[in-house]
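Residues per chain are reported as follows:
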Amino acid sequence: MELRKEIEPDFETAEQRYPEVLRLILEYTDYCDEHGDEDMKAYQKLEETLHAMTGKEMSAFNLWEWWEGDGAENLSFDISLPDPEPVEDMTKEELTEMVRRMKTFELPDPDDQTFKALFYNQVCFGSGYYQMFLELNFKAYTVKLFQRHKNKEGKYFEYSIEEITETLWNGGIRKKTEI
């Protein structure tokens with residue numbers, strides 16, 4: 001099921017920004033390898049440039065030691081992808097689809113080399129796009145809904161797609177004025 005444009009991650013904008021963001025991050029790394037950046041002036045310049053391009057707060061990203069995370073490509077994608085926005089008129093079917101995407105580990109067709117296919121798993125699991133969307137839009141959101149739990153008998157379980165959807169739906173949709 002496709003979600004409405006205002007709900008789906010904006011892969012189009014991310015694809016436009018991505019080459020320049022990746023280039024800037026790799027250039028910064030090369031600069032540090034060659035000259036160092038003890039005074040963090042080059043880092044601050046990179047943060048300012050990326051913020052101007054994306055409007056995102058760069059303190060949420062590790063621009064210095066990206067190799068310890070998911071790599072320059074995923075970092076560049078995460079920076080390039082616009083953050084989710086509040087959506088007041090979301091349907092229960094749309095919520096169910098989003099939860100389904102987060103709970104199932106569907107891989108894109110390996111022959112599909114489009115930008116969206118290359119980074120699809122990043123929005124479901126890596127960047128936290130869907131988690132940010134749910135937190136922004138649903139009062140009952142907590143990451144614990146998507147984690148394993150132990151029952152009184154010591155057995156592990158996870159909430160189903162239906163249980164998560166019901167919890168979020170029944171907890172209420174945030175109004176834009178609450179954000």
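Everything below is about the structure shown above.
Residues numbered from 1 in each chain as written. Predicted model: local features only at pLDDT ≥ 70, side-chain atom pairs only at ≥ 80, totals over all residues. Heavy atoms only, no water.

Visitor: Give me the overall build of the protein: which residues, what numbers.
Guide: For the protein, the count of helices and strands is seven helices and two strands. Each helix and strand of the protein, ordered N terminal to C terminal, gives the series α-α-α-α-α-α-β-β-α. With 179 residues in all, the protein has 41% of them scored as buried. Pairs at least 24 residues apart make up 71% of the contacts formed inside the protein by residues separated by at least 6 positions. Accessible surface, the protein as shown: approximately 10,800 Å² in total, 49% of it carbon and sulfur. Across the protein, the 21 positively charged side chains and the 40 negatively charged ones have centroids separated by 9 Å. (Helix = DSSP H or I, 4+ residues; strand = E, 2+ residues; numbered from the N terminus. Buried < 20%, exposed > 50% of the residue type's maximum accessible area, 1.4 Å probe, protein only. Contact = heavy atoms within 4.5 Å. Areas by Shrake-Rupley, 256 points an atom, 1.4 Å probe, with all protein chains shown as cover. Lys, Arg positive; Asp, Glu negative; His and termini not counted. Charge placed at Lys NZ, Arg CZ, Asp CG, Glu CD.)

Visitor: Let's hear about helix H1 (residues 11-35): which residues, and what values?
Guide: Given a rise of 1.5 Å per residue, 25 residues ought to cover 36 Å, and the 35 Å separating the end C-alpha atoms of H1 matches this to within 8%. Of all bends in H1, the biggest is about 40°, found at Tyr 18, and the proline Pro 19 comes one to four residues later. If you check which residues of H1 are buried, you get Phe 11, Thr 13, Ala 14, Arg 17, Tyr 18, Val 21, Leu 22, Leu 24, Ile 25, Tyr 28, Thr 29 and Cys 32. Backbone geometry just downstream of H1 places Gly 36 in the positive-phi region, at approximately 75°. (Expected span 1.5 Å × (residues − 1). Bend = angle between axes of the 7 residues up to and from the residue.)

Visitor: Give a description of the packing of aromatic side chains that names residues and reports values.
Guide: Inspection of every chain in the model, using the stated rule, returns 10 aromatic pairs. Seen from their ring centres, Tyr 141 and Phe 146 are 6.4 Å apart, and the 40° between their planes marks the pair as tilted. The structure contains a cluster of three or more aromatic residues connected by ring pairs, namely Phe 11, Tyr 18, Phe 77, Phe 115 and Phe 119. The ring of Tyr 156 is capped by Arg 148, whose NZ or CZ atom sits 4.2 Å from the centre of that ring. (Phe/Tyr/Trp six-rings, centres within 6.5 Å; stacked < 30°, edge-to-face > 60°. Lys NZ or Arg CZ within 6 Å of the ring centre and 35° of its normal.)

Visitor: Describe the side chain of Asp 78, with residues and values.
Guide: Position of Asp 78 relative to the elements: it lies in helix H3 (residues 72-80). Despite its burial, Asp 78 pairs with no opposite charge; the closest candidate is Lys 56, at 6.9 Å N-O. Within the structure, Asp 78 has its side chain in polar contact with the side chain of Gln 122 (distance 3.0 Å). (Salt bridge = Lys/Arg side-chain N within 4 Å of Asp/Glu carboxyl O. Polar contact = N/O pair within 3.5 Å; in protein donor to acceptor, adjacent residues only side chain to side chain.)

By themselves these figures say nothing about function.
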